[in-house]
Every structure is written in structure tokens, then in C-alpha cells.
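So the chains spell out like this:
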Amino acid sequence: MMEKKRVFLTRTLHDFALKELKKQYDIEIHSGKIPIPKKRLASKIKDIDGLICFPYDVIGRELIDCAKNLKVISTYSVGFDHIDTEYAKERKIRVGYTPEVLTGATADLAFSLMLDIMRRVSEGDRTIRNGNWKEIYGAYDYVGTDLQDKTLGIFGMGRIGSALAKRAKSFDMNIIYHNRNKVSKTKERSLGAKYVTFEKLLAQSDIISIHVPHSKHTEQLFDKKIFKKMKNSSFLINTARGKIINENHLIEALKNKIIAGAGLDVFESEPIGKNHPLTKIDNVVLAPHIGSSTKETRSKMAKITIENLQLGIVGKKPKFSVGY
Ligand code: DGY
């Protein structure tokens, strides 16, 4: 009998996913410290045929070099900036990821952060929980900002950016966007979105929502120079990757009211603890990297993660493949 192929998971997945994997493969699941320590992953990757990883697992060149039989890396995420995909390709290792299914959930989260920071929902919640709601209904109490008629600047008009535009349109917002390439006229019309330069996006937006991948071109792009170009009354939303923002500069900008507020689902280094400087600021809403975290979406992501693995492990192109 042919030996089963070996698959290693850096963390457990849904029961249905494990059941499916167990039918075909000899699987091992890392338990214990998350993320899996580098050394342990390096020793595991040596003899496996397939790897299932998460967006915080750094799969660099050095690690890939430890692999002798690896055919596929299947990440349970749409982002793949944690994987050296160029080198994987060179080594003929397929890389699978999970776009499309998490578009709606992530756009919803971006929208909820925008609503929350502009209407001060979490701040109000903290006020009540801390026993500080003393008087009702003052003319200036917890006044927020209307979304309607505000200009939403979408940085990155891919799947998630477009889904956010759809939602914003029904809230009567004006939509401008900046993207490497303009989207088609038909798409612009249907989304009611207008292309502008990056400089104009910064200057004209009341809210900027980031939907570009993290890369060497976007790393720390949002820094103090950029914040100065934004309106003092503007808000910044980030559900993409934390490293796109210079967090120290953002903290200064929020404290000094260079911009009005921010809604963040991602951070330079995750998780952040209760003593992180961002937790000391009221004009920011924080979420623990939950952009895709709905029961429906996460199940679909698990399904695709497995499908990608199943194809890649026999040398076929994964359903959602990075480049090759
Ligand atoms: C991803 O899939 O890359 C997201 O960050 C998950 O929320």
C-alpha cells in the first residue's frame, strides 16, 4: 500500500476540515505556543508534503530550504505577505490562499469600524462600563460625525475595496478611490466611485480605508508625512495589514488631532496587549484581527484551504493560487 502523504498544520482547523484531511493524509497538528516557534516548524517542514499555515506564520526562504518533499503551502488567509512566494515558486512549491469568500465579511468589518469610530459606539460603551455615564442627553454629549454626504477614500479598489464601496453607496457617501490601475468605467459607474491620485485621496477624503496588500511598496506608507496631508477631521480605517501604517506616527497623529480618529483591525505586531499605547487613546477603535471572522466565512476559508492543499500536493495548481 502506498504511504499516505504527510500534512502539517501550524494550528488546528474546523472539525469538518480535519476529518476530510485525515481521510487522505497522515496529519499532524501543532498544539502549544502560537505562532509555532521557528525551530519547531523548521524541523517539521523537513519531511512533509503539504503545509497548512496561518497569516502570522513567517514562511521565509530559510524555512523553505529545510523542506525536502514539500509540494504545497496552503494559507488560511487571503493575505500571503508572510510567505516568500517568489522563492516557493523557484522551488516549485505551490502556494494557495483564500480570496473571494472573505470579501463581504472583511468589507462589513471595515464598515463597522467606520461606523463605530464616527458614531463613538465603543467609546460610549466604555463610558457606561466604567460608570461614567452621569447625565443624560447633553447637546454636546458624544456627538459623532454623519456618514452621509462624507467622502470615503478607498485605497485599493480590489475585491474588498469594491465591496466596501457598495456598502458606502447605500449610506449616501461620496466615493473616491486610488488604485494601481483604474477600474473599468462600467465598474466605476456601478459603484459610483471616482478615480483620484493618491495625493487627492489624502486631501479630499473624510475617511480613508486601506485595502492594498502589504508589500515593500506599501510598508509603513502611512506615516507622519501622509497624516499631515489628510484632513484634521478625517478618519483612517485599516483592515488590511498593520505594517502598512507607521504605528508610532499614527499614535502621535491621533493624540495631536492631526487626524480625528482611526479604526484598526490589524497592527504592526499582533496580538497587542492591554498596555499598548493605542489602548490609552479614546479616538481609536480596536479589533483583534477579525476581518474574516464570521462562522460562514471561516468555514468557507477552511474548505478552500483544503481544496488548495489537495490540488497542490499532487502537483496541480491550487484553486486559488499565488502566481503558479
Ligand atoms: C487574511 O485572510 O489575510 C485576513 O487578514 C484575515 O482576516
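Structure: see above.
Helices and strands together make up the secondary structure of the protein chain, namely 12 helices and 12 strands. Against the compact-globule benchmark of 20 Å for 324 residues, the protein chain has a radius of gyration of 22 Å, which places it among compact chains. Across its three principal directions, the C-alpha atoms of the protein chain cover 75 × 50 × 35 Å. Looking at the protein chain residue by residue over its 324 residues, the buried ones come to 48%. Partitioning the intrachain contacts of the protein chain with sequence separation of at least 6 by distance along the chain shows that 59% fall at a separation of at least 24. In the form shown here, the protein chain has an accessible surface area of approximately 17100 Å², with 51% of it arising from carbon and sulfur atoms. When the 56 basic and 37 acidic side-chain charges of the protein chain are each reduced to a single mean position, those positions are 4 Å apart.

What follows covers the site of the ligand. All residues in the neighbourhood of the ligand are listed as Ser77, Val78, Gly79, Leu102, Arg241, His289, Gly291 and Ser292. With respect to the ligand, the side chain of Arg241 contributes an N or O atom lying 2.7 Å from an oxygen atom. Here an oxygen atom of the ligand sits 3.2 Å away from a polar atom, N or O, in the side chain of Ser292. With the chains in place, 93% of the 230 Å² that the ligand exposes on its own is no longer accessible.

What counts and how
Residues numbered from 1 in each chain as written. Predicted model: local features only at pLDDT ≥ 70, side-chain atom pairs only at ≥ 80, totals over all residues. Heavy atoms only, no water. Helix = DSSP H or I, 4+ residues; strand = E, 2+ residues; numbered from the N terminus. Rg over C-alpha atoms; globule rule 2.2 N^0.38 Å. Buried < 20%, exposed > 50% of the residue type's maximum accessible area, 1.4 Å probe, protein only. Contact = heavy atoms within 4.5 Å. Areas by Shrake-Rupley, 256 points an atom, 1.4 Å probe, with all protein chains shown as cover. Lys, Arg positive; Asp, Glu negative; His and termini not counted. Charge placed at Lys NZ, Arg CZ, Asp CG, Glu CD. Near = heavy atom within 4 Å. Polar contact = N/O pair within 3.5 Å; in protein donor to acceptor, adjacent residues only side chain to side chain.

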